[in-house]
Amino acid sequence: MQVPAPFEYERATSVDHAIALLTRADGEGRLIAGGHSLLPMMKLRLATPEYLIDINDLESELGYVRRVGDDIHIGAMTRHRVLLESDELAEAFPIFRDAERVIADPVVRNRGTLGGSLCQADPSEDLSAVCTTLDASCLIKGEDGERLVPMREFHRGPYETAVGDAAEMLLEVRIPVRAHAGSAYEKVERRAGDWAVVSAGAAVWMDGGTIVDGRVGLAAVGPNTTSIDDVSAALQGATPSRELFDRVGDIAARNCRPSTDQRGSADYKTHLAKVLSSRALARSVSRALGQEA
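The following refers to the structure shown.

Quick notes on the rules
- Residues numbered from 1 in each chain as written.
- Predicted model: local features only at pLDDT ≥ 70, side-chain atom pairs only at ≥ 80, totals over all residues.
- Heavy atoms only, no water.
- Disulfide = S-S within 2.5 Å.
- Buried < 20%, exposed > 50% of the residue type's maximum accessible area, 1.4 Å probe, protein only.
- Salt bridge = Lys/Arg side-chain N within 4 Å of Asp/Glu carboxyl O.
- Helix = DSSP H or I, 4+ residues; strand = E, 2+ residues; numbered from the N terminus.
- Arc of directions from axis to C-beta.
- Contact = heavy atoms within 4.5 Å.

### Observations regarding the state of the cysteines
And then number 1: For the structure on display, the rule yields zero disulfides.
And then number 2: Between C119, a free cysteine, and C138, which holds the nearest cysteine sulfur, the sulfur-to-sulfur gap is 7.7 Å.
And then number 3: With relative accessibility at 0%, the residue C138 sits in the buried group.

### Some points on the pattern of salt bridges
And then number 1: As enumerated under the stated definition, the model contains 25 salt bridges in all.
And then number 2: Here D98 and R283 are joined by a salt bridge, their closest N and O atoms 3.7 Å apart. Linking D98 in helix 6 (residues 94-101) with R283 in helix 13 (residues 266-288), this pair joins segments that are 185 residues apart in sequence.
And then number 3: In this structure, K274 and D250 form a salt bridge, with 3.0 Å as the shortest nitrogen-oxygen distance. In this pair, K274 is assigned in helix 13 and D250 in helix 12 (residues 242-254), connecting sequence segments 24 residues apart.
And then number 4: Each of D98, E186, R283, R287 and E292 takes part in a single network of salt bridges with overlapping partners.

### Overview of unusual backbone geometry
And then number 1: One non-glycine residue, Y159, adopts positive backbone phi at about 65°.
And then number 2: The residue H180 is not glycine, and still its phi comes out positive at about 55°.
And then number 3: Here H180 shows up in the loop between strand 10 (168-176) and strand 11 (181-189).
And then number 4: For H180, a relative accessible area of 54% translates into the label exposed.

### Focus: helix 1 (residues 15-25)
And then number 1: Among the residues of helix 1, V15, A18, I19, L21, L22 and A25 are the ones counted as buried. In an axial view of helix 1, the angular spread of the buried residues amounts to 160°, which keeps them on one side of the axis. In helix 1, the exposed positions angled more than 90 degrees off the buried face are occupied by D16 and R24.
And then number 2: The inward-facing, buried residues of helix 1 contact strand 1 (8-11), strand 2 (29-32), strand 3 (51-54), helix 3 (59-62), strand 6 (137-142) and strand 10.

Here's what the structure looks like:
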């Protein structure tokens, strides 16, 4: 029987209240919103917080997608369903809708949040690769105020993030909107809504027929693969071609470190990393050039 260890429970009524409760918990508290990752870990006693702080009442404060100047800001309490249905987000970053269509099922998407996905920091999690590919930044608040952390520095390792253990929480994600951009997400899963066997996100920014900047991020193929510097170097100043897409796929494959498990062998996952990276990049270029919605 899977039963969590004993814990105390309290609902936060504001961001400041949540931070105060985390301070009082002195490193032994965890925030919960959707709970689809935390609760199973608590049942297995892989996570044993002494205090569980429910932040669902903060949805009105932290649940939003809005344009602010040259950025799109997404609140940490924004549900997956909202990310999927937001036309403004899909127009700027179609990669989000691509990814959300293959994340779990409607029950999970109705409750799960962007902040929960990022802060869980599971190496197989989809939105971490999406946000890193788009060069996002994360706004974190704690007792000492707010700080902005680039997404590529947000994840410190599997299940570890830049959000402090004591009394900090993620408030929002900020993504710069740039002209002539395209992005796409590709995923292979064993069944609909499952964790990825391998997934790849890509984004490019074009000047005419030339790629001025580009990124590819992978999930489920080892740590530190949500951003691959060698891919960005290969894409800068390049002209899109089948040969370029294949070369980027080769670079992505060389930079991943998958392990053999019930989802497939390491060799199979490495092959998927190559194919999906190439495919996502090709679709991103097509979108940047207005050839695909």
